[in-house]
Amino acid sequence: MVLARKACRDGGSFRSWLWRECFEALVLGDSMSQERAVPASAVPLEELSSWPEELCRRELPSVLPRLLSMYQHSDSWIEHIQILKIIVEMFLPHMNHLTLEQTFFSQVLPKTVRLFDDMMYELTSQARGLSSQNLEIQTTLRNILQTMVQLLGALTGCVQHVCATQESIILENIHSLPSSVLHVIKSTFVHCKNSESVYSGRLHLVSDLLQALFKEAYSLQKQLMELLDMVCMDSLIDENDDVLNMVVVIHSLLDICSVISSMDHAFHANTWKFIIKQSLKHQSVIKSQLKHKDIITSLCEDILFSFHSCLQLAEQMTQSDAQDNTDCRLFQKTLKLCRFFANSLLHYTKEFLPFLSDSCCTLHQLYLQVHSKFPPSLYAAGISKAQQEEIAGAFLVTLDPLVTQLLKFQPFVEVVLDSKLELPCELQFPQCLLLVVIMDELPSQPEDVQTLWCTESQVSEATTRVSLLKAIFSSFEQCSGELSLPVHLQEVKSKGQTEVAVTLYQHVCVHLCTFIASLHPSLFPELDTALLNAVLSANMITSLLAMDAWCFLARYGTAELCAHHVTIVAHLIKSCPGECHQLTSLSVLLRRLFFFMTPPQQVEFIQKFSPKEAENLLLWQFISFQALPAELRKQTALEVSRSGTAECRKWLSSSRSLGELESLNPVLSALLAVCNSASEALDMGQQTAVKEVGSQLWALLNIKLVTGQPYVQQTLSLLLPLLGFFIQTLDPQLISQVITLQTSLLKSEPPDHVRLAVLDFLSSLGKLFIPQAIQDKILPHLSSVFASLLADRNWLLEQHSLEAFTQFAEGTNHEEIVPQCLSSEETKKKVVSFLEKTGFVDETAAARVERVKQEKGTFWAPFAKVTVEEAEKSSLQPSAKRARHELPLEEEYRSALQAATAALEAIESLLQKSPPPDWLLTKMEALQERIDKLKHHVF
């Protein structure tokens, strides 16, 4: 020691002295005195790297503490790496593998991670100053990168050693190693991923070392996954350090997946494969500790990312119309990746389903998002038919089994059938497809699963689950764009046959009927409720779908069931308070169901709702007599005709006011139904009777009455086609009166149903030869009426006007009037285009899809806006009272009530001036009865 101090005073260094002393001790060996021998722990680093294996093993107890101390106290990155490499390469192979954590990993790796983080910080901080002119920064950065590569190599050596020395690994014995390695790997990949922006366009100056760094991290992770694959865990212990460590490892790899997803697809897939494998391998002990929602969310995100990449490649290939081998190979690889991720999700979901309650929304959205971007969705990418089939066969087929797995899972049911589910336009069609898939799968499920889906439930105070059937109709209603286009789906009609294209309406209707045929009897009340609610829907297409399904049920079920349903619908119709869309839908349903009744049941219906009773004529106006056998049709038509004409005569002969004309409208409608569907059953006498009451009622109408009273307009709309049916035998003077009234009426812009009735009557005039004596009274008015209706801007009236005018022009003997009806050049062009079937808008398929998307977005935007506003208000204040719904005829109700009040005030004034007449009391009592009757309708 004295010599050492002297050497230092002489200008030398302790390290130089130690080097000389060690050299002499090693070279001279036994020739040196024992007192001058230097301990092995004091040997310099350069010499240690050349020690033979046996010497390293023998001197390990004395050298390792010294090296670890030097490592902890060193401030030089280069010296750190030098010491770490010496420990890993020279002494690690001789350490006891059971004590590695205590003797080495726990002491070295935390400092190693901090060292790596310091280097990464320095690297990132100085990277923006990198340039080809600044050689100093360039050299510094390259040195740091080279040091980092060496550090990763040292960590790789640690991992390889553990793998080589142990057949079965207990994670607790090496727990510092995986966590440290994963931290370094993730940091490396993040830096490489962001390198383009980090190095500000000077990436080429360090790209070789960055590539080496990535390869080293790649190799390190592969080695680590091999190590982790050797880990064994006690399945009898639910929670210990091993469990927590493995959970940390899996989620760290999950974080790495999100980093490398766009860097190396194969490596990304292999990492996911390892995550799934380890999760399943240790499932029994880590299942309750894993963050399943994070895993499911990341996996779904990767599925969507790969799927969108696949679609983009397919779209590029379709647009370029070229078969580029590179693009094709990339497309195939990406599609294979989609399938891998989907199968991984399928496998994971199957094994961990009880723990996925908070992931159901993510899984639901995955299905919707995928199908929203795939044909035939309006928002799909434009890809070829061949690529559609390839993607569907390789990837989409995996989503249906996923749905099957989730069928029994109540949280998934509650997400899909949430009563407050509000979807954007592009996801409404996929939701409908999903519900159809679920509907197809349910028949193979146990009764309790069917009940779970097909019954409503109050999930919480804020959430309600609707039934599957109700959700089907609601979702179908939201697909207005897909229905109007219409989109087509491929469907196999029967086994062994090729696929055929069907519309969305056909697709849903067929699958709905198939589901109804297999429905468990205990769920019939739910079916009845859903069908009736849908029939009563304000949406026409939804109501029509429900009617089609109901008619299938009537044909598929027993004859007694059909008769029962007809009776129910008939009673519902009779209970309707007045004209409404529900009455219209029920009347159409009754008309259709009546065709499926057997003759004996029809007889029972006629007896139960006898047309001889005036109150039942309300029903017979909606029934087609063609549904009855010939003999029964004739008998029933006569009964309806006699009862109807008797009611009309009774009204005409009584002292009832025109205000009570409304009660005759169902009677006139029933007479019109007889004329339209069973006219051959009426003899001449009965036809004359119908024509006479119609003529007498018409004589009571005038322009002021028609324009002022809606119910009189309805009477006119019924009388016009009824009189048109007898046009050949109608009094010419009456025809003249009808035409004259129509001319005046059109000037007051009557409702559409009145104009349509006018057109119906005008078309029948084509069969009639108008006598010379009254041509001057009829023909000018006739041309005026046609000219007015042909100029109408309402597309529906315009179409009916063209049809009626064409029918009249083709059949009339008064050809001179035809040009007079074409009052303008625009009308002439319109008629010519209609006759020649030209003038249609030339719209491309792409333009039509875009238009339908815009229309759908415009239609649903107000609903979405209201929903958002309600959601914002709900957390701040109580819900406001719902605004009172304005009835379509409310203003007319107010006007009529004001008129009645004024009339009563006038009577009151007259009573004050003079005594009342004898008949006044009788009339006032009748008026009181009328008021009481009206009250009954109101309540």
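Residues numbered from 1 in each chain as written. Predicted model: local features only at pLDDT ≥ 70, side-chain atom pairs only at ≥ 80, totals over all residues. Heavy atoms only, no water.

Q: Describe the overall build of the chain, listing the residues and the values that go with them.
A: Check the secondary structure of the chain and you find 44 helices and 4 strands. When the 939 residues of the chain are sorted by exposure, 46% land in the buried category. For the chain, the share of sequence-separated contacts (at least 6 apart) that also reach a separation of at least 24 residues comes to 73%. Per element, the accessible surface of the chain, about 47,900 Å² overall, is 55% carbon and sulfur. (Helix = DSSP H or I, 4+ residues; strand = E, 2+ residues; numbered from the N terminus. Buried < 20%, exposed > 50% of the residue type's maximum accessible area, 1.4 Å probe, protein only. Contact = heavy atoms within 4.5 Å. Areas by Shrake-Rupley, 256 points an atom, 1.4 Å probe, with all protein chains shown as cover.)

Q: A description of helix 32 (residues 665–677) should follow, citing residues and the corresponding values.
A: Taking 1.5 Å per residue as the helical rise, helix 32 with its 13 residues ought to reach 18 Å, and the 18 Å between its terminal C-alpha atoms agrees with that figure. In terms of burial, helix 32 is a largely internal element, 11 of the 13 residues being buried. Regarding helix 32, the residues found buried are N665, V667, L668, S669, A670, L671, L672, A673, V674, C675 and S677. Where helix 32 is buried, its residues contact helix 30 (617–620), helix 31 (630–653), helix 33 (684–699) and helix 35 (710–725). (Expected span 1.5 Å × (residues − 1).)

Q: Summarise the packing of aromatic side chains; cite the residues concerned and give the values.
A: For the structure on display, the rule yields 20 aromatic pairs. Both rings, one in W51 and one in F91, keep their centres 6.4 Å apart while their planes meet at 65 degrees; by these two values the pair is edge-to-face. Of this pair, W51 sits in the loop between helix 3 (45–48) and helix 4 (53–73) while F91 sits in helix 5 (residues 77–91), placing them 40 residues apart in sequence. Residue class for W51 comes out buried when judged on its relative accessible area of 7%. Classification of F91 as buried rests on a relative accessible area of 0%. The structure contains a cluster of three or more aromatic residues connected by ring pairs, namely F594, F605, F609, W620 and F625. Sitting over the ring of Y71, K111 keeps its end group 5.9 Å from the ring centre. (Phe/Tyr/Trp six-rings, centres within 6.5 Å; stacked < 30°, edge-to-face > 60°. Lys NZ or Arg CZ within 6 Å of the ring centre and 35° of its normal.)

Q: So what about the nonpolar core? Which residues, and what values?
A: If you look at the biggest cluster of nonpolar residues, it comprises 298 residues, and the most contacted ones within it are F91, F104 and W453. Looking at this core element by element, the count peaks at 14 residues for helix 7 (residues 135–165). Beyond its immediate stretch of four places on either side in the chain, W453 contacts L407, F412, V413, V416, L417, I438, L442, V466, S467 and L468. (Core = buried A, V, L, I, M, F, W, Y, C linked by side-chain atoms within 4.5 Å.)

Q: Describe the environment of L668, with residues and values.
A: Topologically, L668 is positioned in helix 32. Counting along the chain gives 54 residues from L668 to L722, while the straight-line C-alpha distance between them is 8.1 Å. Apart from residues lying up to four places away in sequence, L668 is in contact with C648, L697, T715, L718, L719 and L722.

Q: So what's going on with the pattern of salt bridges? Residues and values would help.
A: In this structure the tally under the stated criterion is 15 salt bridges. Between R57 and E54 there is a salt bridge; the shortest N-O distance is 2.0 Å. With a gap of 3 residues between them, R57 and E54 both fall in helix 4, about one helical turn apart. Note that E798 and K830 form a salt bridge whose closest N and O atoms lie 3.0 Å from each other. Taken as a pair, E798 in helix 39 (residues 795–811) and K830 in helix 41 (residues 825–836) lie far apart in primary sequence, 32 residues in all. A residue is classified by how much of its surface remains accessible, and E798, at 24% relative accessible area, is partly exposed. (Salt bridge = Lys/Arg side-chain N within 4 Å of Asp/Glu carboxyl O.)

Q: Requested: an account of the side chain of T542, with residues and values cited.
A: Here T542 lies in helix 26 (residues 540–556). Those residues in contact with T542, other than ones at most four positions away along the chain, are F473, F476, E477, A534 and S537.

Q: Can you explain helix 35? Please cite residues and give values.
A: Over its 16 residues, helix 35 extends 24 Å from the first C-alpha to the last, a length consistent with the 22 Å expected when each residue adds 1.5 Å. Counting buried residues along helix 35, 13 of its 16 residues qualify, which places the element largely inside the surrounding structure.

Q: Give me the confidence of the model for the chain: which residues, what numbers.
A: For the chain, the average pLDDT comes to 85, and 87% of its residues sit at 70 or higher. Low pLDDT, under 50, characterises residues 1–41; the stretch is placed with 30 contacts to residues that sit more than four places away or in other chains. Of the regions scoring below 50 in pLDDT, residues 863–888 engages in 5 contacts with residues more than four places distant in sequence or in other chains. (pLDDT = per-residue confidence, 0-100.)

Q: Talk me through the packing of helix 14 (residues 292–320) against helix 16 (residues 360–372); I want residue IDs and the actual numbers.
A: Helices that pack against each other are described as a pair by the angle of their axes relative to one another and the distance between those axes. Close contact between helix 14 and helix 16 brings their axes to 10 Å; oriented N to C, the two are set at 5 degrees. Put simply, helix 14 runs roughly parallel to helix 16. Mapping the contact onto sequence places I296, T297, C300, I303, L304 and F307 in helix 14 and T362, L363, L366, Q369 and V370 in helix 16. Looking at the contact of helix 14 with helix 16, its residues break down into 8 nonpolar, 3 polar and no charged. (Axes fitted to C-alpha atoms, helices over the stretch in contact; angles between N-to-C directions. Parallel < 35°, antiparallel > 145°, perpendicular 65-115°, else oblique. Nonpolar A, V, L, I, M, F, W, Y, C, P; charged D, E, K, R; others polar.)

Q: Run through the side chain of S261, naming residues and quoting values.
A: Note on placement: S261 falls in the loop between helix 11 (241–260) and helix 12 (265–281). On the basis of relative accessibility, which here comes to 12%, the residue S261 falls in the buried class. Residues within four places of S261 in sequence aside, it is in contact with H268 and D302.

Q: So what's going on with unusual backbone geometry? Which residues, and what values?
A: The step from P375 to P376 runs through a cis peptide bond, and the omega angle for that step is 10 degrees. For P376, the position within the fold is in the loop between helix 16 and helix 17 (385–394). Cis geometry marks the peptide bond from L485 to P486, where omega comes out at -15 degrees. Structurally, the position occupied by P486 is in the loop between helix 23 (480–484) and strand 3 (488–492). A positive phi angle, close to 50 degrees, is found at S200, a residue other than glycine. Summarising the element assignment, S200 is placed in the loop between helix 9 (195–198) and helix 10 (207–228). Classification of S200 by relative accessible area gives partly exposed; the value is 36%. For E749, which is not glycine, the phi torsion reads 55 degrees and is therefore positive. Note on placement: E749 falls in the loop between helix 36 (732–747) and helix 37 (752–764).

Q: So what's going on with a nonpolar patch on the surface? Residues and values would help.
A: A contiguous nonpolar patch, built from L904, L927 and I931 and spanning about 250 Å² of accessible area, is present on the exposed surface. Judged by relative accessible area, L904 falls into the partly exposed class, the value being 47%. (Patch = residues over 30% accessible without salt bridge, like charges linked within 9 Å, V, L, I, M, F, W, Y side chains within 5 Å.)

Q: How would you summarise the packing of helix 8 (residues 176–193) against helix 10 if you had to cite specific residues and measurements?
A: Look at helix 8 against helix 10: their axes get within 10 Å of each other, and the N-to-C directions meet at 150 degrees. Relative to helix 10, the element helix 8 is oriented roughly antiparallel. As for how helix 8 packs across helix 10, the hand of that crossing is left-handed. Between helix 8, through L177, P178, V181, L182, I185, T188, F189, H191 and C192, and helix 10, the contact on the second element is made entirely by L210, L213, F214, A217, Y218, L220, Q221, L224, L227 and L228. Looking at the contact of helix 8 with helix 10 residue by residue, the class counts come to 16 nonpolar, 3 polar and no charged. (Left-handed = near helix turned anticlockwise from the far one by under 90°.)

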